[in-house]
Structures are given as structure tokens and as C-alpha cells.
Protein chains: 2
Amino acid sequence: MTAYSCMSTAELEREYTQVLEKYNHCKELGLNLNMARGKPAKAQLDLVSDILNVLQTPDDCFDGDIDSRNYGELAGLPSARAYWADVLDCKASQIFVGGAASLNMMCDIVSRAFTHGLLHSERPWCREEKVKFLCPSPGYDRHFQIGQFYGAELITIPMLSTGPDMDMIEEYVKDPQVKMIWVVPKYSNPDGIIFSDETVKRFANLKPAAPDFAIIWDNAYCIHEFEGEYVPFPDIISLCREAGRPDMVFEFASTSKITFPGSGISCLASSVENIAYMTKLMGIQMISYNKINQLRHVRYLKDKANTLELMKRHAAILAPKFEMVTSILDREIKALEFANWVKPKGGYFISFNTMPGTAKRTLALCKEAGLTMTTAGATFPYGIDPNDSNIRIAPSLPPLNELEAAMNIFCTCLKLSVLEKLLA
Amino acid sequence: MTAYSCMSTAELEREYTQVLEKYNHCKELGLNLNMARGKPAKAQLDLVSDILNVLQTPDDCFDGDIDSRNYGELAGLPSARAYWADVLDCKASQIFVGGAASLNMMCDIVSRAFTHGLLHSERPWCREEKVKFLCPSPGYDRHFQIGQFYGAELITIPMLSTGPDMDMIEEYVKDPQVKMIWVVPKYSNPDGIIFSDETVKRFANLKPAAPDFAIIWDNAYCIHEFEGEYVPFPDIISLCREAGRPDMVFEFASTSKITFPGSGISCLASSVENIAYMTKLMGIQMISYNKINQLRHVRYLKDKANTLELMKRHAAILAPKFEMVTSILDREIKALEFANWVKPKGGYFISFNTMPGTAKRTLALCKEAGLTMTTAGATFPYGIDPNDSNIRIAPSLPPLNELEAAMNIFCTCLKLSVLEKLLA
């Protein structure tokens, strides 16, 4: 194969004709494939379905003296708080266990920050002239959407191989209107980057002008290796405390990709003072979260060591999918030299950068051929990728045979859109 | 027994000495009893614990083609929407099925109203000069707290035997700053009143000045009879549509007192347009609610008819408790003529009105003797009962023997505080 940039116009035209023919063939298959979201596959759900049976009798539902079937324990069952403290390497008193969605708690925090303020706010954020959120990008569209929903100005921060550009962040936080930053510190969505120790340390040592500046530390993939051994991560809560800003960070995790997406349990980890403040605010909207589900998870997952064993069984299902995606990309796209990507060792995504100006067109072609991908631009604030280049590949949901078909369509559409542009 | 008002000072003093002696005896028992909240008893939780076992295998988790174990179906599983439509006598398209707490959805609606506005809002409520909520009282403290939390001015509306004073409400809604009213239309908390058909009709026919005026129709006890047959209730959503304001009402219900408090499922019922609008807003904070728990409930509860059968078994546990409370009150308090109460036929509370100016003192005495009741004043906006008279009795949690002990303490404290006042 020759790089497209080295081809003559005649060669490009020949290639175009061949790729177009292949594309038309794809369309005729009338497939309906989906790689839009980081949804676990049915095999993964089956893997953990024994959790359905761990609580069977009234006696099973007691966590010590506490009947998980009745109201109470707003901050979570003691055993569930201890479980998350084990996973995140912090203290149970620093944990608030929520419902099925950590995203909901993130949104609650932003919502309350705007209407009431955080612990160190001088006023509710809605009374500020302007509020700015820092958004390392490519990033998670749902993070950006929450900021946009509440009218924050979203500022794009580039991602480096060590995590977000910390020089830029340290500069931006001198602006008191900068109130929040959203990050996925381990296997970042979509790049799959693990923040370096240096990056984490610089986060903890940020000296923002805003007294209520908050780091949303979305540790969604904290134990989600699919290749190699578990990679430990530093306890950001201790680091922030040691650096003198103990209330600056709100860490989140959930079992969405450990047990059942949307029916798991989530947690917020932060300083004891923040947990007390958030518990007070949560008490307005809730009597208590679903503690039966909390107990079901504690009984099934037991502790971090046992959960890591389970994650290896998830990995056995996920790894071949990531392997297939990258090997097809290596075979079909690499030598054409118009794109780059990195194969991650954990998380749920591959971040793919195609030739600038062709991502949208590629995904439109995919759609027409029956393949739904994450919308182009979704990985940037306001849904606008300035280079129209980044595409998030989510290989987890389809079984291997469908994934192969989907990747063949994807590669064909990539080539076609690049050729269209080169020949335009 | 003689009414206290007919006693001479000497008689009152003699009575006081006797009651004080009894009170001191109560204190010596060192009891620890709780009638503060409408918590179901352990026997009720045991009654429904078979729900833990209705989903056991992966195959069990499918609702038609939908795998309840994965992300999706933000507005709820089709079968769960159909279940609630059956219970509330509306259409499945008018139902949004949420998590365990209907209170959380109420709070979400108020929160979004303040930051973004409702469907017909001219601007977010936080941009209004003032926002007023109408609060029929005595009412539910958590309703009032949400309004207070968001800075709404809370206006007390008296409760009549037919429901809230509709003359007053019709007058108040002419004020465009009046944006919301909170009601429990069946077995109201705490009065246990079923709104009359006339009252419901007048609600549906309200012509508020605010285009985005909303009725929070918290149908928490819609099928919660403990005495006599199930009492049907009108479909407020149809009535509002027929009256020309289809988007004015948000109806709520949950299984908190059908299956497990805090681990059940909740629903919002409203116009299709409101459901679409709220689903869009909810989509910012959630991917989807716990659908496994939704399916578990549908499989266990099946339909309205079957759920009504289950409610009869709850009633068999609850009825003797209400019977004990009212018979002790009849025996100990009635002839003294300083208090009044009505025995309801459903719901979770008895609303007790003691001699004005003695409710707080009564409950302080209770507390000292080891009995925790709902805080005095809690049933009024801002936690302030202007007459210091209303006390919410919640007899559901204690077993019968504890309830008897609790009621004996309560009656002693009632008498003591009244005698203190009469002799002051």
C-alpha cells in the first residue's frame, strides 16, 4: 500500500473507484451495527448475572444492624462505603454511595454549585458574571453537556501523552472565573491515557484563584485494565489534602462497567467536609439511595482484590475486540498515512484521528451503510471538533463477527471520505 | 373523666401531680421508641421480600427485546411504563419511570425550573423577581423544604375536609409570581384526607396567571387503603387536558410503601409534551435509571389488580396499629376535650391537633422520655406551626407492643404539657 499523500491524481482516482465499489457493496448488505457508546456486551452482562441471586431472604438484607430494605443511611451503607474506600484507596468517611449513575451526582454537584454554591463559594455560581469550565479534549461528551447545560463557558485544553496540558491549566486557573475542570484520570475517555504521576501531582497542587474551584475526577475506569496487570493509581484526595486544598476534588467511580450499566452503584469520594456538605444537600432531594442494590454489590464484589479478579474475566471478553479493531486499522489504514491512533490497555475506547476535515463525512458515510458511531465532534466542547478529525471508537458492544463487519465498513468510509477530499 | 376546661384549679393541680408521676415513671423505663417517619415495619418488608428472587438468570432480564441489564430506555422500560399507566389510569406515553425516589424527580423538576424553566416558562425562575409556592398545610415537610431550598416564598393554604381551600387557591393563582402548588391528593400527609371530586375538578380548572404554573400532584398513597375497599381516584392528567391546561400537572407515585422504601421504583405522569421535555432534561444527568429494578417490580407486582391484593396484606399489618393509636387516644384524651383528630382509612399518618401552644412542649417531653416523633411544626412551611398545635403521628414502624408503650408516653406528655399551660 502507498500513502495517499504519495499517490498521483490518477492513482487516487483508481483507488477511489475501488473504494466506492466496496462501499456500495457494504451498503447493499443492509447491516445495522452500533459502536456509538461504551456499552458492555451481552457476554459481560451474563458474566456477572449471579449478582441477581446474592440477596434472597429478609435475613440476607441486613448489613450488621441495618435493614437495607428500609429508609435511612443517606450517605450509603457502611459496608458499601468501606468497599469503595478499598477500591479507591481512601477512607470510608470520605465516601458517599449513590444510585446507579455517578453522572447524576456530578450533575447534582454542578446544579447545586449554580443554585447554592459549593463549600467555599462566595456566592452561587448563577450570580457570577461568568463561569468557565476547563475541558481537556478529546473528552467525554456528557461531561461537556453538563457544563453547557448550566451555561458555563467551555475551554478546550489539549491532551498530551501524560494527560492534559498542565502548563495551560496552571495558567488558566489564575482566572477566578475558572471554576471547574473535568477529567478521566485513568484510561481517559476517549484517548485511553493514564495521567502520569507528575500530572496527578500538579493537579493536587493547583493554586486556583477561585476559592471554590473544583476538580471533577471521574475515575470511571479506575480498575478497568483489559491488557496487562492492574495499574495502581494515586489517591487524589490525600494528595489534595497534603497540598493544602482538601476540598478541591470530587472523585467519582461506579460499577457501570463492573456489573450492570445503569443498574450498578456509584460513589463520590471527597474530603469529609465535602461529604458532609453534599450529604446535607442530597438530603433535600432524597431520603436514601437504593441500599439493597448497594448490599447486593458488596456481597457480590466483596472487595478490591476480588473485583480485580472479576475485571480479568471482563478483560478476556474485551481484549480480543480491541485487538481486532487495531489489527484491522493496522492492516487497512496504517500505510495510507492519513490517520493515527494508540491502542490503550484499559478503558472502553480507541481515539482515532483521521485526516482533518473528514471525520464528519466519514461518520455520515458509516451511517448510510448501517453503522452508527459516536457523533463526530462529540469528544470536544459544544460538539465541535475544530479539526473535524477525532473519532471515538467503542468496540465493546458488538460480538466479534459484527465488530469485524463494522470495522470493514469504517475503514472503507475512512478511505472514501479522505479520497473525496483529496480529489475535490 | 372531666374536660380539662371544666376543672377547677385544685382539680387541675391534682391531675397534674398524677400525670407528672406517671411521666416520671415513663422516663424511668428508659425506652427508645420512634414514630417520627412513615417507615414501613419489618413485617411489611418481609411480606414483599419474594421480590428479591423474581429475576435470577440473564434470560429473566429481558423485557421483550430489551436487555434491562444494559444502558438505554431513559424514560423507563416499556413494561414499567405500562404498569404505572395501569395504576394511575393514564397512558404509558404519559409515564416516565425513575429511580427509587419520586422526591428526587420532584426536586429535579424544581431545580430545572429555577435554572432553565418549565415548558411554558418565559424565563428560568431564578430570573424572576420572586417565586411563590402554595403549601396546603398541614402538609409534607420534605415538599416544603424543596421550595425553601430554592428560595421560593411558601404560602400556607388551610386544609378543609374536602382538601385544600380551593377558594383561596383560585384567588392566589391570579398572582403571576405564584408558580407551584404541592399536594398529596389521596390520604394527604398528614391529614389522611381524600380530595373530593369537586376539589380535584377545581384543581384541573385552575386558570393561573403564570403560564408555567405547575401542580405537584404527589399521589404517594394512591392505592394505600388500610381500611375498607380501594377508593378509585380521577385521572388528573386527563382532567387538566380537558380543561385546556394539559401541561399544568406533574403527578408522582412510587412503590416506597408497596415494596421497599428507598429501593423501589418511582414514576412521573404528565402530558406527553412534559414527558418529552423532562426526558430531554433528564438526559443531561442520566443515561438511564435502574431498569433491572423496574423489571423486578413489574414481574413481582404484575398489574394494578394484583398490587391491590398485596396492599390488602399490608393493610392487615397496618390497620391494627392505626386502630391501637386511635383507641388509646379515644380512651385517654377524648373526654379531656383539648384535642381533635380523625382516623383515616389509608395513608401512613394521623394528624393530631392538641391545645394551641403545647405541641412543641409535648414533643420535647416525649423526647425526654425516649419517644421520637416528627418534629413539631414540620407539617407547616418553614417548620413553623402558627398555632403550635399540629402533631403528625406515624404508627407504621413500631411493632404493636412498642406502639402501645409509645402511645402511653405520648398521651402522658400531651396531658402534662396542657396541664402545665393551664396552670401557668
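Residues numbered from 1 in each chain as written. Chains lettered and ligands numbered in written order. Predicted model: local features only at pLDDT ≥ 70, side-chain atom pairs only at ≥ 80, totals over all residues. Heavy atoms only, no water.

*Asks:* Pulling in residues and values, what's your account of the packing of aromatic side chains?
*Replies:* Inspection of the entire model under this criterion finds 34 aromatic pairs over all chains. With a centroid separation of 5.5 Å and an interplanar angle of 70 degrees, the aromatic rings of Phe352(B) and Phe410(B) are classed as edge-to-face. Taken together, the residues span a long stretch of sequence, with Phe352(B) in strand 13 (residues 350-353) and Phe410(B) in helix 13 (residues 400-423) at a distance of 58 residues. We note that Phe352(B), like Phe410(B), is buried. Three or more aromatic residues joined by ring pairs form one cluster here, namely Phe114(A), Trp125(A), Phe133(A), Phe149(A), Tyr150(A) and Trp182(A). One cation-aromatic arrangement involves Lys257(A) over Tyr348(A); the distance from NZ or CZ to the ring centre is 5.6 Å. (Phe/Tyr/Trp six-rings, centres within 6.5 Å; stacked < 30°, edge-to-face > 60°. Helix = DSSP H or I, 4+ residues; strand = E, 2+ residues; numbered from the N terminus. Buried < 20%, exposed > 50% of the residue type's maximum accessible area, 1.4 Å probe, protein only. Lys NZ or Arg CZ within 6 Å of the ring centre and 35° of its normal.)

*Asks:* Can you explain the confidence of the model for chain A? Please cite residues and give values.
*Replies:* As a general rule, the predicted coordinates of low-pLDDT regions are not to be interpreted in detail. In this model, chain A carries an average pLDDT of 97, and 100% of its residues clear a pLDDT of 70 or more. Overall fold confidence (pTM) sits at 0.97, and the ipTM for the predicted complex is 0.96. (pLDDT = per-residue confidence, 0-100.)

*Asks:* Which residues make up helix 7 (residues 197-204) of chain B, and what are the values?
*Replies:* Residue and element names in this part refer to chain B. For helix 7, every residue scored as buried is listed here: Thr199, Val200, Phe203 and Ala204. One side of helix 7 carries all its buried residues, which in axial view fall inside an arc of 135 degrees. In helix 7, the exposed residues that point more than 90 degrees away from the buried face are Asp197 and Lys201. If you follow the buried residues of helix 7, they end up packed against strand 7 (163-164), helix 6 (166-172), strand 8 (178-183), strand 9 (214-218) and helix 8 (236-242). (Arc of directions from axis to C-beta. Contact = heavy atoms within 4.5 Å.)

*Asks:* Outline the pattern of salt bridges, listing residues and values.
*Replies:* Residues and elements named next belong to chain A. Here the structure, examined in full by the defined rule, presents 42 salt bridges over all chains. For Asp108, the salt bridge identified is with Arg112, shortest N-O distance 4.0 Å. Taken together, the residues Asp108 and Arg112, both in helix 4 (residues 102-115) and 4 residues apart, mark about one turn of the helix. Since its relative accessible area comes to 1%, Asp108 is described here as buried. For the salt bridge of Lys174 with Glu171, the shortest nitrogen-to-oxygen distance reads 3.1 Å. Since its relative accessible area comes to 56%, Lys174 is described here as exposed. (Salt bridge = Lys/Arg side-chain N within 4 Å of Asp/Glu carboxyl O.)

*Asks:* Quick one: what's the story with the environment of Gly30(A), residue by residue and with numbers?
*Replies:* Considering the arrangement of structural elements, one finds Gly30(A) in the loop between helix 1 (9-28) and strand 1 (33-35). Along the sequence, Gly30(A) and Val19(A) sit 11 residues apart, while their C-alpha atoms lie 18 Å from each other.

*Asks:* For the sheet that holds strand 11 (residues 266-269) of chain B, give the residues involved together with the corresponding values.
*Replies:* Within a beta sheet, neighbouring strands are joined by backbone hydrogen bonds and run either parallel or antiparallel to one another. All names here are of chain B. Pairing in this open sheet of 8 strands is mixed, and the strands run 4-11-10-9-8-5-6-7 from one edge to the other. Of all the strands in the sheet, the pair left with one neighbour each is strand 4 (95-97) and strand 7. Pairing of strand 5 (residues 132-137) with strand 8 involves 3 bridges; the strand directions are parallel. Counterpart to Leu134 in the pairing with strand 8 is Ile181. Docked against the sheet, helix 4 (residues 102-115) engages strand 4, strand 5, strand 8, strand 9, strand 10 (249-254) and strand 11, running at close to 155 degrees with respect to strand 10. Across the sheet, helix 7 touches strand 7, strand 8 and strand 9, and the angle it forms with strand 9 is around 145 degrees. (Pairing = 2+ DSSP bridges. Axes fitted to C-alpha atoms, helices over the stretch in contact; angles between N-to-C directions.)

*Asks:* How would you explain the sheet that holds strand 13 of chain B if you had to name every residue and give the values?
*Replies:* Residues and elements named next belong to chain B. Reading across the sheet, the 3 strands line up as 12-13-15 and stay open at both edges, with antiparallel pairing between neighbours. Looking at the sheet topology across the chains shown, the edges are occupied by strand 12 (340-341) and strand 15 (390-393). Judged from the 4 bridges that link them, strand 13 and strand 15 form a sheet pairing that is antiparallel. Counterpart to Asn353 in the pairing with strand 15 is Asn390. Packing of helix 11 (residues 304-332) onto the sheet brings it into contact with strand 12, strand 13 and strand 15, and relative to strand 13 it is tilted by some 15 degrees.

*Asks:* A description of the nonpolar core should follow, citing residues and the corresponding values.
*Replies:* Buried together is how nonpolar side chains tend to be arranged in soluble globular proteins. In this structure, Leu88(A), Phe203(A), Ile215(A), Leu88(B), Phe203(B) and Ile215(B) are the most contacted members of the largest nonpolar core, which totals 117 residues. Setting aside chain neighbours within four positions, we find Leu88(A) in contact with Ile95(A), Asn219(A), Cys222(A), Phe233(A), Asp235(A), Glu251(A), Ala253(A), Cys267(A) and Ala269(A). Core analysis: the second largest hydrophobic core is formed by 78 residues, Phe149(A), Met282(A), Met105(B) and Ile284(B) among them. (Core = buried A, V, L, I, M, F, W, Y, C linked by side-chain atoms within 4.5 Å.)

*Asks:* Which residues make up the relation of the copies chain B and chain A, and what values do they have?
*Replies:* The operation linking the two copies of the chain is a rotation about an axis combined with a translation along the axis. Overlay of chain B on chain A (RMSD 0.1 Å): rotation 180 degrees, translation along the axis 0.0 Å. Considering both components of the superposition, the chain copies are consistent with a two-fold axis. Rotation axis and chain B: the residue whose C-alpha lies nearest the axis is Asn53(B), separated from it by 3.5 Å. Take the interface residues of chain B: 100% of them recur as interface residues in chain A, which is what a same-surface contact looks like. (Least-squares fit on C-alpha atoms with pLDDT ≥ 70 in both.)

*Asks:* Tell me about the packing of helix 9 (residues 272-285) of chain A against helix 5 (residues 141-149) of chain B, residues and numbers included.
*Replies:* Where helix 9 of chain A meets helix 5 of chain B, the axes come as close as 8 Å, and the angle between the chain directions of the two elements is 120 degrees. Judged by the angle between their axes, helix 9 of chain A and helix 5 of chain B are oblique. Contact with helix 9 of chain A, carried on its side by Leu281(A), Gly283(A) and Ile284(A), involves Arg142(B), Gln145(B), Ile146(B) and Phe149(B) of helix 5 of chain B and no other residues of that element. (Parallel < 35°, antiparallel > 145°, perpendicular 65-115°, else oblique.)

*Asks:* So what's going on with the interface of chain B and chain A? Residues and values would help.
*Replies:* Counting residues at the interface gives 57 residues for chain B, matched by 57 residues for chain A. Summing both partners gives a buried area of about 4,800 Å² for chain B against chain A, and 54% of it is carried by carbon and sulfur. Here chain B and chain A share 2 salt bridges between them. In this structure, the salt-bridge partner of Arg69(B) is Asp46(A), at a minimum N-O distance of 2.8 Å. For the interface between chain B and chain A, the tally reads 28 residue pairs in polar contact (both at pLDDT 80 or more). Of all the elements in the fold, those that place two or more residues in the side of chain B that touches chain A are helix 2 (42-47), helix 4, helix 5, helix 9 (272-285) and helix 10 (291-301) of chain B. No other element matches helix 4 of chain B, which puts 7 residues into the side of chain B that touches chain A. Here the side of chain B that touches chain A is built from residues that sort into 25 nonpolar, 20 polar and 12 charged. (Buried area = accessible area lost by both parts, 1.4 Å probe. Polar contact = N/O pair within 3.5 Å; in protein donor to acceptor, adjacent residues only side chain to side chain. Nonpolar A, V, L, I, M, F, W, Y, C, P; charged D, E, K, R; others polar.)

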